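Chain and residue survey
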Amino acid sequence: MEGTAQSSILLGDVLNSRRRRTFVGRRVERELVRAGLESGDSQLSVLFLHGPGGIGKTTLLDEFAEIAAETGASVVRLDGRDIPPSPSAVLAALGEAVDVPDTGVIAREEERLCVLIDTYEVLAPIDEWVRTQLLPRLPATALTVIAARTPPSSEWRSDAAWSELLRVVSLRNLTPQESREFLRAVGVPPPLHERICRATHGHPLALALLADVASRGGEVAADPLTPDLMGELMQRFIAVVPSPAHRRALEVCALARVTTEPLLRDALGLEDTHEMFGWLRQLSFVDAGPDGLAPHEMAREVIDADLRWRDLDAYTDVFHRVCRHIRHSLLSGTGREQQRVIFDLKFVFRNLPGILSPVDWESWGRHYPEPASPADRETIVEFTRLHEGAEAAAIAAAWYECQPDGFYIVRRPDGAPRGFFGLIDLSLASADDLASDPGAAAAWQFARGHSPPRTGETVTQTRFVVDRDTYQDPSPTMNAIPIITMQRYLCTPSLSWDFLTLAEPDRWNEYFAVADLPRTEGADFEVGARTYGLFAHDFRRVPVDEWLERVTEAALSESPSAPLRPAPDLLVLSQPEFEQAVRQALHDWHRPDLLRRNPLMRTRVVCDRSDGEPDVAELDSVLRDAVDSLADNPRDDKLLRAVDRTYLRPAGTQEAAARVLGVPFSTYRRHLTQGVARIVSWLWDLDVYGHPQ
């Protein structure tokens, strides 16, 4: 019986327990949430946390969830990575946990509610709706915690009604003391603590990652000023994984949008990957979501780039295995689920050369097309007239009348149309339909002239692609095209030719050559003032599955010959570390070789002044601005003079500086201390807020 009870414990519960034991810092934030949940009044309704990737936002939300559970509150978790940015999608996700009526209060008023929203920057398109419509429907006693990479929009702060109910916190790196506390909690030998703290500056993800390296016997000595700290740490972690199979599992996890046990089985060629899946799940840089495991984006990019540069053959093998698994899933899905799988398949291609140009990755997977309704007819005509002219608008209207089921609308988060596209079946068109449209006629004539469709075979054409804002540049509308067309390829019986119609066709030649939809020679046509080209594929010649293989091979063959290194991230120092760095910079002001190694060189205060790799000149400039700020107030002149004779024009010793200034040494020391504190405060505000307060 004891063994049975033990085996019923879930791995997720074990991991959650371990994470709580190793959680350190964020005392003020935790106390704020606990007080807000235990208090009966509504002094705090929204806590808005913001900070860069890897700063620990998701981990802190996990801690808040545990605190909420301890206080008896009902916890609702939402993540922008898993929800399209639309009110209906958010309400649907919320409705899985609490009552969401059509109008009125969400959840029972007597229920203490804690709503945790992660990756809020992805939901930015509906920020106004969240602020003005969603949150006001929650009970007055509810506490909502929002975590984002960016600060709240100005509307949050300018709304007087929110001023007393909103707290905004910029998450910083852990302090040296907190960093050492974490290292003790995860069992890192004490002799390594100082080295790890210096290398990571208390960045939580880097700290956890280097602790993982240390626990596996890897090298932990690191230059604390390495620009690409995360890249170096990932390289060290990769070097000490338990086995080649574990390394391959990590590479699979980096390529796929989400990783599941079935995916691991297919990609690794193993019958049982339960242990491997559990190993991935416990890694410090891997999150478990509703669809599977996903690594932190910084870790994902480093692993992907490292494998592609280091061993292109292995990268190609992993790429094919992941793609094959996803493609098999395509055959079993339908509707929206099948569209999600297509999004996953396209995601694997995101880092390959030649794939990026027509894709808006920021909105990828977050806007789904829906069939156009009769009410959308005027939108279709209006958008076409706006970008292609009156003649094209009349042709679009005629095709909508003939084949309304082929038109799709892509909507904004508020439901307003963002764009549309029209897919027509040329096999069903009459001779008059074809004759009235130069584009359809060109496609039909090309098909008949090169490899005529046989009786019962279908010829399709994506005839219109119009995004209201960008026309045919990367956009949510352009993103939706391959989703619907792929479904058409899979679900259309006896499909022969498929054509895609685009304006300014020359700019698409290279991309669609890789996609095995080459431009049709001699089939360009004009409508109004625009010239259009056709890109075509004959699926009888190369069926869908083989076509996907060819597309994969073509994309991989364009791989770069040099390694792709992710851009270094800004260093986000804790306040004690920032103050120490400023004091050290003042001390080393006339030593460029030492200034170059100062942590401030990787912070916002310096990097914001540089278009490329920051130079010591930028740090010198920002220090001078900070000192000059003392001149803004005449009463600070004595502070300015003390700083000037100590750091800008040093008098040799502090005693000598006091004599030059003609003041007692104790007075000089007081003025210098106050001046340096004022400089630190000025620079701190610049680093946190982007400007001095």
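Right, let's walk through the structure included here. (Residues numbered from 1 in each chain as written. Predicted model: local features only at pLDDT ≥ 70, side-chain atom pairs only at ≥ 80, totals over all residues. Heavy atoms only, no water.)

**Observations concerning the packing of helix α18 (residues 377-388) against helix α19 (residues 390-402)**
At their nearest, the axes of α18 and α19 sit 7 Å apart, and the two run at 155° to each other. Classified by the angle between their axes, α18 and α19 sit roughly antiparallel to one another. Classified by chirality, the crossing of α19 by α18 is right-handed. Judged by residue contacts, R377, I380, V381, T384, R385 and E388 of α18 engage A390, A392, A393, A396, A397, Y400 and E401 from α19. (Axes fitted to C-alpha atoms, helices over the stretch in contact; angles between N-to-C directions. Helix = DSSP H or I, 4+ residues; strand = E, 2+ residues; numbered from the N terminus. Parallel < 35°, antiparallel > 145°, perpendicular 65-115°, else oblique. Left-handed = near helix turned anticlockwise from the far one by under 90°. Contact = heavy atoms within 4.5 Å.)

**A few points about the pattern of salt bridges**
The full count for this structure, using the stated rule, is 36 salt bridges. Note that D437 is salt-bridged to R463, the shortest N-O span being 2.9 Å. Of this pair, D437 sits in the loop between α20 (431-435) and α21 (438-450) while R463 sits in strand β11 (residues 458-467), and the two are 26 residues apart along the sequence. Across this residue pair, the class does not change: D437 and R463 are buried. D644 is the partner of R649 in a salt bridge, and the nearest nitrogen-oxygen pair spans 2.5 Å. Connected through shared salt-bridge partners, R248, E251, D317 and R321 make up one network. (Salt bridge = Lys/Arg side-chain N within 4 Å of Asp/Glu carboxyl O. Buried < 20%, exposed > 50% of the residue type's maximum accessible area, 1.4 Å probe, protein only.)

**Quick look at the pairing of strand β1 (residues 46-50)**
Among the five residues of β1, five are classified as buried, and the element is accordingly described as predominantly covered. Bridge count for β1 against strand β5 (residues 166-170) is five bridges, and the pairing is parallel. Note on β5: the bridge partner recorded for F48 is V168. Bridging between β1 and strand β4 (residues 143-148) involves five bridges; their strand directions are parallel. (Pairing = 2+ DSSP bridges.)

**Observations concerning helix α25 (residues 575-587)**
The first and last C-alpha atoms of α25 sit 18 Å apart over 13 residues, in line with the 18 Å expected at 1.5 Å per residue. All buried positions along α25 are accounted for by E577, F578, A581, V582, A585 and L586. (Expected span 1.5 Å × (residues − 1).)

**Quick notes on the packing of helix α12 (residues 244-255) against helix α13 (residues 261-268)**
Between α12 and α13, whose axes approach to 10 Å, the crossing angle comes to 120°. With respect to α13, the axis of α12 lies oblique. The chirality of how α12 crosses α13 is right-handed. Where α12 abuts α13, its residues A245, R248, A249 and V252 lie against L263, L264, A267 and L268. The class makeup of the residues in the contact of α12 with α13 is seven nonpolar, no polar and one charged. (Nonpolar A, V, L, I, M, F, W, Y, C, P; charged D, E, K, R; others polar.)

**Re the sheet that holds β5**
Spatially, five strands are ordered β2-β3-β4-β1-β5 in an open sheet, and the strand pairing comes out parallel. The sheet is open, and its two edges are formed by β2 (74-79) and β5, each paired on a single side. Neighbouring strand axes in the sheet, compared pairwise and without regard to direction, differ in orientation by 15° on average. With six bridges joining them, β2 and strand β3 (residues 113-118) adopt parallel strand pairing. Within the sheet, the bridge partner assigned to R77 lies in β3 and is L116.

**Looking at the environment of D588**
Tracing the chain through its elements places D588 in the loop between α25 and α26 (592-595). D588 sits in the buried class, given a relative accessible area of 7%. Remark: the alpha-carbon pair of D588 and N598, spanning ten residues in sequence, is separated by 9.0 Å. Residues contacting D588, with those up to four places away along its chain left out, are L594 and L595.

**Focus: the packing of aromatic side chains**
Overall, the coordinates contain 20 aromatic pairs when judged by the stated rule. Between the aromatic rings of F407 and F420, the centroid separation amounts to 6.3 Å while the plane-to-plane angle is 20°, which identifies the pairing as stacked. Here F407 is found in strand β9 (residues 407-411), whereas its partner F420 is found in strand β10 (residues 417-425), with 13 residues between them in sequence. What makes F407 buried here is its relative accessible area of 0%. Owing to a relative accessible area of 0%, F420 belongs among the buried residues under this scheme. Stacked on the ring of F464, the Lys or Arg R463 has its end atom at 4.6 Å from the ring centre. Against the face of Y532 rests R463, its NZ or CZ located 6.0 Å from the ring centre. (Phe/Tyr/Trp six-rings, centres within 6.5 Å; stacked < 30°, edge-to-face > 60°. Lys NZ or Arg CZ within 6 Å of the ring centre and 35° of its normal.)

**Things to note about helix α22 (residues 476-491)**
Because an α-helix packs 3.6 residues into every turn, residues spaced three or four apart end up facing the same way. Between the first and last C-alpha of α22 there are 23 Å, a value that for 16 residues agrees with the 22 Å anticipated at 1.5 Å per step. Judged by how many residues are buried, α22 sits mostly within the fold: 13 of 16 residues are covered.

**Some thoughts on unusual backbone geometry**
The phi torsion at R26 lies on the positive side, around 55°, for a residue other than glycine. On the accessibility criterion, R26 (10% relative accessible area) is buried. Of note, the phi angle at E504 is positive, near 45°, even though the residue is not glycine. Turning to its location among the elements, E504 is positioned in the loop between β12 (495-503) and α23 (509-514).

**A closer look at the sheet that holds strand β8 (residues 370-371)**
Spatially, β8-β9-β10-β11-β12-β14-β13 is the arrangement adopted by the seven strands of the open sheet, whose pairing is mixed. Of all strands in the sheet, those with a lone pairing partner are β8 and β13 (525-527), marking the two edges. Bridge count for β9 against β10 is five bridges, and the pairing is antiparallel. Bridging across to β10, V410 finds its partner in G419. Lying on the sheet, α22 is in contact with β9, β10, β11 and β12; it crosses β10 at an angle near 30°.

**Here we look at the environment of R412**
Tracing the backbone shows R412 in the loop between β9 and β10. Exposure remark for R412: the relative accessible area of 27% places this residue in the partly exposed category. Along the sequence, R412 and P85 sit 327 residues apart, while their C-alpha atoms lie 8.6 Å from each other. For R412, the contacting residues outside a window of four places in its chain are P417, R418, R468 and D469. Polar side-chain contacts of R412 include one of 2.9 Å to the side chain of D469. (Polar contact = N/O pair within 3.5 Å; in protein donor to acceptor, adjacent residues only side chain to side chain.)

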